[in-house]
Amino acid sequence: MAEMDEIQEMFFDECGELLEGLANGLRQMDQPGYDKETVHAVFRAVHSIKGGAAAFGLNDLVTFAHRFETVLDLLRSDRLEADPALMSIMHRSSDCLADLVTAARQSSEPDHAKREALLTELDRIMADGGDDDAIEFTPMVIDIGALDGEDPLPGLAGEAGFNIHFIPDGDLYRSGNEPAALFLALAKLGEAEIRVDSDFVPPLSDWSEDQPQLRWTIILHTNCAADEIAEIFEFVEDCCELHVTPLTAEPDGPPKPDEISDSSPGDIPETAQINPPEPAQTDSARPSRPAASGGDSGATIRVSLARVDRLMNMIGELVIKEAMLAQVIQTAGMSEDPDVLAGLDAIGQLAGDIQESVMAIRAQPLKLVFQRMHRIVREAADATGKQVNLVTVGEETEVDKTMIERLIDPLTHMIRNSVDHGLEDGETRQARGKPAEGRITLSAAHRSGRVQIEVSDDGGGINRPKVREIAEERGLVASGASLNPAEIDQLLFMPGFSSKTEVSALSGRGVGLDVVRREIMDLGGRVMIHSEIGQGTTFSIALPLTLAVLEGMLIQLCGETMVLPINAVQETMRANPSMLHGVGQDGRLLSNRGDLIPIIDLAGEFGLRDCPATIEGGVLIVIEADNQKRSALLVDGIIDQRQVVIKSLEENYGHVPGVSAATILGDGKIALIIDPEEVVRTSSGDHDRAVPAAAAQG
Amino acid sequence: MLQSMSHNTVGKSDVVAFKLAEQDFCIDIGLVREIRGWSPTTTLPHAPDYVKGVINLRGSVVTVVDLSARLGFGATTPSQRHVVIIAMHEERVVGLLADLVSDIVTVNDGNIQPVPDIALTHAREFITGMITFDDGQILRKIDLSQVLPIAREETA
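Residues numbered from 1 in each chain as written. Chains lettered and ligands numbered in written order. Predicted model: local features only at pLDDT ≥ 70, side-chain atom pairs only at ≥ 80, totals over all residues.

How should the overall build of chain A be read in this particular structure?
If you tally the helices and strands in chain A, you get 20 helices and 23 strands. Contacts spanning at least 24 positions in sequence make up 70% of the contacts within chain A whose residues lie at least 6 apart. (Helix = DSSP H or I, 4+ residues; strand = E, 2+ residues; numbered from the N terminus. Contact = placed C-beta atoms within 7 Å.)

Written out as structure tokens, the structure is:
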């Protein structure tokens, strides 16, 4: 049973890839003059999902995929035209198929109403596209290359029955197919005489288990059509040689050059040839298997993340050992030897290269996230009644896999937000001289060691007086406070701010942009906002390349070395007594360019020191926390700034208040990575933050 | 692998014996991954006093528990001669700081006795059984799940 689950899990994984290819292909078909190959690829994707689903008895999925596939086939055979109306249905069908796959995976109930509505639409199209029920069978005719005109089908009627030559190759067995099962299926179509041909089986001494040499000849007396036979073999067609000839025809004779029959193939036996692409056929117009199965995806293997992480750990260890070796060599007085030096250098460089390569294994293109956004836009546009076009740029930009997964939610939210709040409705747009169709651009690029993702719309821009009004209403800012435009824009990120007066079905769900901001901060990134009245709004997200590595500032604290994420640091300074002010007994403030910033004694906060340190000897690091409030952390000194590898503390210990993770320093010792947000939240000197000090209970 | 080894013989099990404040303790050998010398730890803020800190074990962060402090013998001042027993407990790796590892002993199940009702001592709740030997030696078997710091819920 567990094994079955595993196989099913694999199928669902594959479905994910296929659905992606499907959505991708459909988008290409939106453009006029698309490649015919694309239609084939799209068809193949749906077909494969149908096939797999049938194997697992997922009937909802099979029925829908079948109907979808039939319409796609009409498209493929040019009996339908890919006009925008049809493409819209195709896109929605693709979404629905994805939903059905998800539902099947989670064993939950899919949205039946939606599916039924689409099925009706698909049926209508089928009725328009083909005038006989023959279309149900057409896929297989095309599959076997008939439309390419190289194996034309003889249109002659003959004695009911077929002569089938079936020569499986090793792949058929390797993929777990069983000839006997195929024969049983054949026998259901009619009376079957099955003969095995063992002439090609070599003597035992030359026998190889990789090269099956058994062949079969089946004489099937039946009234069914050739495509029904082809359907039985459809899952093995790439790993066997199959010749199906009507009983009247010369069994192994050359296919007869005849015209493709337009009459219903339902009762006419046909000659068909299914065989794997052979060299002799390479010039045919038939799409080769790799191209059909998904476009540009290269050869890949599935590796569990745990293995990559282990590799990563070992490399970290290698780097540390290398540093130790260097130390030993220096102590031994050999560091002057050029050979030793060159050797050490080479090892160091190699270790760095390996580290980078492993990081690259974890990296995946943002395409995986971006592609999902098309659907989000489509649904958001439907819900709001706006016309929206999503343009994606730089989707090949690579980031860490974990990051990709955690980017989906914030980006979904931002895109919805842009459709809902950013873009005006069609009439307003036209009144302002813009095209009725709104445009959202989602772009990504590597910029100086970080990934920059931008969501921009060409809407009306942020209505700042309104934002301000709402913020004042909700008590987020004091009324009459002097705010510059950028500060007003930042109000959008305040918890509890939701600019729609009525709760809209789409993005006004109580979670606002503050959640987006928090999620991005958790990824070690920052969100910026830029808006021009009448021109639109741009949200930019700057992210580190990977979650495994963090750019940190190494600080000294009571003899311990700790790491502060650099993305939180605004500035550092030696405390000048003239800038310091006491408040009450131990409250202390730093006055920095007119701002009063509370000072947090980090050592006291972590319980490393009992009495408060004197500020004069230390260094102040000004950080910016969640809601744009600044705090100054008092530390003993700043050592360095460097990239550190993030190690989980929670895995083997648990959560430590004020600490987000740990890292390993060059000398092999562990240093804790400070979570500035949490330090600020839990610090006692900070009364005006309403967030409960959750960690203090731990 | 070690675990299956220890179950090979019915009624017998192997334990790693170690010393702590002049008393002999042991834990099941199946739980032990390795034994290494003491190396300085990184202090964890807000940690219980028996948590010495964390060390780097080939790239993973491992908590070191001062068994002596945990069992109420008082905090250890670790030196080069102290050992850290790396043990695995329910997917968590933990280091146990002990004075020295003395032996690996095969124990007959029949020799394991429940802890007698002695006066309330802190150590009792961490001991699952007493193992007696013919020569009068006694091993106290440690209950790893009681010794370890409780995994905290993630607060954020």
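I tried to follow the pairing of strand S14 (residues 560-565) of chain A on my own but got confused; where do I start?
Each regular strand carries side chains that alternate between the two faces of the sheet. All names here are of chain A. Looking at chain direction, strand S13 (residues 549-557) and S14 are connected through six bridges and run antiparallel. Along S14, the bridge assignment pairs Gly 552 with Pro 565. Hairpin geometry of S13 and S14 is characterised by an intervening segment of two residues between the two adjacent antiparallel strands and by a positive phi of about 50° at Cys 558. The pairing of S14 with strand S23 (residues 670-674) spans two bridges and is parallel. Pairing of Val 563 across the sheet is with Ile 673, part of S23. (Pairing = 2+ DSSP bridges.)

For this particular structure, what's the right way to read the interface of chain A and chain B?
A common measure of how large an interface is: the accessible area buried when the components associate. Taken together, the contact between chain A and chain B spans 31 residues of the former and 23 residues of the latter. Listing elements by their share of the side of chain A that touches chain B, those giving two or more residues are helix H11 (305-331), strand S22 (659-664) and S23 of chain A. For the side of chain A that touches chain B, the class distribution of residues is 15 nonpolar, 10 polar and six charged. (Nonpolar A, V, L, I, M, F, W, Y, C, P; charged D, E, K, R; others polar.)

I'm lost on unusual backbone geometry in this one. Help?
Residues and elements named next belong to chain B. Positioned with a positive phi, Ala 21 is a non-glycine residue whose angle comes to about 50°. Mapped onto the fold, Ala 21 is located in the loop between strand S1 (12-20) and strand S2 (23-28). Phi is positive for His 46, which is not a glycine, with a value near 60°. Within the element layout of this structure, His 46 appears in the loop between strand S3 (32-37) and strand S4 (51-57).

Would you take a moment to explain the nonpolar core for this structure?
The tendency in soluble globular proteins is for nonpolar side chains to be buried as a group. Ranked by size, the top nonpolar core spans 80 residues in total, and within it Leu 602 and Ala 632 of chain A together with Cys 26, Ile 27, Val 54, Val 65 and Leu 96 of chain B carry the most contacts. It is S1 of chain B that contributes the most residues to this core, five residues altogether. Residue contributions to this core reach at least three from each of two domains, namely domain 3 (307-364) and domain 5 (549-697) of chain A. In this view, Cys 26 of chain B contacts Val 15, Val 16, Ala 17, Phe 18, Val 105, Ile 131, Leu 139, Lys 141 and Ile 142 of chain B; residues no more than four positions away in its chain are not counted. (Core = buried A, V, L, I, M, F, W, Y, C linked by C-beta atoms within 7 Å. Buried ≥ 20, exposed ≤ 12 C-beta atoms within 10 Å, placed from the backbone. Domains from an automatic or database assignment.)

Sorry, what's going on with the sheet that holds strand S8 (residues 100-108) of chain B here?
Working definition: the strands of a sheet are paired by backbone hydrogen bonds and lie parallel or antiparallel to each other. Residues and elements named next belong to chain B. Read from one edge of the open sheet, six strands run S8-S1-S2-S11-S10-S9, paired in mixed fashion. Looking along the sheet, the strands with just one partner apiece sit at the ends: S8 and strand S9 (112-113). Of the strand pairs in this sheet, S1 and S8 are connected by eight bridges, and their pairing is antiparallel. Within S8, the residue paired with Asp 14 across the bridge is Thr 106.

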